[in-house]
Amino acid sequence: MGRRKFVFFDVDGTLAAGRPGQQYVPESTKLALKKLRENGHFLAIATGRSHAMALQMMQDLGFHNMVHDGGNGITIDDQLVFIEPLDRKKCIKLINECKENGILWGISPYDTTYRLVPDERFYEFTHDVYMDTKVKEGLDPEDYENIYKVYIACYSPKEERLQTLNELPWCRFHKEYLFVEPANKEKGIKSMVDHLGGDYKDVVVFGDAKNDLSMFCDEWISIAMGNAIDELKQKADYVTTDVTEDGIYHACKHFGWI
């Protein structure tokens, strides 16, 4: 089976198929993971979700290792190693711009499954159930040592008024609001492999979406799912079949890891 591999998987559209809330892991993927573990390979999730938001998912999928917070945090053997926050000064500057432009906002100053907002308007505008939203009257980002994520509620292209967005990583997953969050899975993967004393040439990554582009590097093997975006496929060393068509199993078999 060759050298031990450090295999990192995106979740949505890679490990799991189906819509959010109705997701499932194909049986062929479960079998591939089982065989990879039996053959001594190291397995981890690589997700943009925060540690707190991804922990239950990691456990449900049977993993013990995870790159999370978009690459700004790692968990090994179920133990949180570290999480790096966003640039605090830039986040505060961005929130001040939101206030000046009448744009609703919220923050995650802790590693929790909820965000803080200054009033009810954020939830009334977004009706978002991705995570809990707690109102803290008089919320001031200056009161917090760390800021891990910022949430900005507005329709596109209103965010173009916020000049500081150009200085921070962000992504719009919903039409009602956007996330300001780390987006460099490569950074977390390298941190984890360094921590374990591994070699980058033994790293393998699986992905399908735009937020996986950062972890498709020349230093290791990058595998795009058949359902991946074209931009990711162009960067990939190998394109496997769709997540619903035994993609992970086929790729692992192709390379002789199982």
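In case you missed it, the structure is sitting above this.
So, a few notes on the structure that sits alongside this text. All figures in this text were calculated on a predicted structure; none of them were measured in a lab.

## A look at the overall build of the protein chain
Within the protein chain one finds seven helices and 14 strands. Its C-alpha atoms give the protein chain a radius of gyration of 19 Å, near enough to 18 Å, the size a compact globule of 258 residues would have. Each of the three principal axes of the protein chain carries a C-alpha extent, and together these read 60 × 35 × 30 Å. Expressed as a percentage of its 258 residues, the buried residues of the protein chain come to 50%. Taking all contacts inside the protein chain whose residues are at least 6 apart in sequence as the whole, residues at least 24 apart take part in 54%. Of the roughly 12200 Å² of accessible surface on the protein chain, a fraction of 46% belongs to carbon and sulfur atoms.

## Some remarks on the nonpolar core
Of all hydrophobic cores here, the largest spans 26 residues; its most connected members are Phe-9, Ile-45, Phe-63, Phe-206 and Ile-248. For this core, the secondary structure elements donating two or more residues are β1 (6-9), α1 (27-38), β2 (42-46), α2 (51-60), β12 (203-207) and α7 (247-254). Those residues in contact with Phe-206, other than ones at most four positions away along the chain, are Val-7, Phe-8, Phe-9, Asp-10, Thr-14, Met-215, Ile-223, Met-225, Ile-248, Ala-251, Cys-252 and Trp-257. Membership of the second largest hydrophobic core comes to 22 residues, among which are Phe-42, Ala-44, Val-67 and Ile-76.

## Some remarks on empty space enclosed by the protein
Across all of its chains, the model carries one cavity of 30 Å³ or more by this definition. Here the largest cavity is characterised by a volume of approximately 100 Å³. Along its surface, the largest cavity is lined by 14 residues, and Ser-50, Ser-108, Tyr-110, Thr-112 and Lys-149 are the ones closest to its centre. Counting only elements with at least two residues in the lining of the largest cavity, the list comes to α2 and β9 (149-153). Partitioned by chemical class, the residues of the lining of the largest cavity number eight nonpolar, three polar and three charged.

## Here we look at the side chain of Thr-47
Its location among the elements puts Thr-47 in the loop between β2 and α2. Residue Thr-47 is classed as buried on the basis of its relative accessible area, which comes to 3%. Excluding residues that lie within four positions of it along the chain, Thr-47 makes contacts with Ala-54, Met-57, Met-66, Val-67, His-68, Asp-69, Gly-70, Gly-71 and Lys-185.

## Quick word on the sheet that holds strand β14 (residues 238-239)
Read from one edge to the other, the open sheet built from eight strands follows the order β5-β4-β3-β2-β1-β12-β13-β14, with strand pairing classed as mixed. The open sheet terminates on both sides in strands that have one partner only, identified here as β5 (79-83) and β14. Inspection of the sheet shows β1 paired to β2 by four bridges, in the parallel sense. Along β2, the bridge assignment pairs Phe-6 with Phe-42. Against the sheet, helix α5 (residues 185-196) touches β1, β2, β3 (66-68), β4 (73-76), β5 and β12, its axis set at about 40° to β4.

## Quick notes on the pairing of β12
With respect to burial, β12 is a largely interior element, five of its five residues being buried. Of the two faces of β12, both are covered, the one formed by Val-203, Val-205 and Gly-207 as well as the one formed by Val-204 and Phe-206. One ladder, built from four bridges, connects β1 with β12; its direction is parallel. Bridge pairing in β12 links Phe-6 to Val-203. Bridge analysis of β12 against strand β13 (residues 221-224) gives four bridges, and the strand direction is parallel. Residue Phe-206 lies in a different strand from β13, and its bridge partner there is Ile-223.

## Some details on the environment of Arg-172
Relative to the helices and strands, Arg-172 is located in the loop between β10 (170-171) and β11 (177-180). Along the backbone, Arg-172 and Ala-183 are eleven residues apart, and their C-alpha atoms lie at a distance of 12 Å. Leaving out residues up to four positions away in the same chain, Arg-172 has contacts with Cys-154, Tyr-155, Ser-156, Glu-159, Tyr-177 and Leu-178.

## Brief notes about the layout of surface pockets
Its boundaries defined by the atoms lining it, the second largest pocket holds a volume of some 270 Å³. In this structure, the second largest pocket is lined by 13 residues; those nearest its centre are Trp-170, Cys-171, Ala-183, Lys-210 and Asn-211.

## Here's the deal with the pattern of salt bridges
The full count for this structure, using the stated rule, is 16 salt bridges. Residue Glu-27 pairs with Lys-30 through a salt bridge whose shortest N-O separation is 3.3 Å. Here Glu-27 and its partner Lys-30 are both found in helix α1, three residues apart, which amounts to about one turn of the helix. Ionic pairing is found between Glu-167 and Lys-93, a salt bridge with its closest N-O pair at 3.6 Å. Taken as a pair, Glu-167 in the loop between β9 and β10 and Lys-93 in helix α3 (residues 88-100) lie far apart in primary sequence, 74 residues in all.

Rules and cut-offs
Residues numbered from 1 in each chain as written. Predicted model: local features only at pLDDT ≥ 70, side-chain atom pairs only at ≥ 80, totals over all residues. Heavy atoms only, no water. Helix = DSSP H or I, 4+ residues; strand = E, 2+ residues; numbered from the N terminus. Rg over C-alpha atoms; globule rule 2.2 N^0.38 Å. Buried < 20%, exposed > 50% of the residue type's maximum accessible area, 1.4 Å probe, protein only. Contact = heavy atoms within 4.5 Å. Areas by Shrake-Rupley, 256 points an atom, 1.4 Å probe, with all protein chains shown as cover. Core = buried A, V, L, I, M, F, W, Y, C linked by side-chain atoms within 4.5 Å. 1 Å grid on protein atoms, 1.4 Å probe; cavity = no way out; pocket = protein on both sides within 12 Å on 5 of 7 lines; lining within 4 Å. Points joined across faces, edges and corners; volume = space filled by probe spheres on them. Nonpolar A, V, L, I, M, F, W, Y, C, P; charged D, E, K, R; others polar. Pairing = 2+ DSSP bridges. Axes fitted to C-alpha atoms, helices over the stretch in contact; angles between N-to-C directions. Salt bridge = Lys/Arg side-chain N within 4 Å of Asp/Glu carboxyl O.

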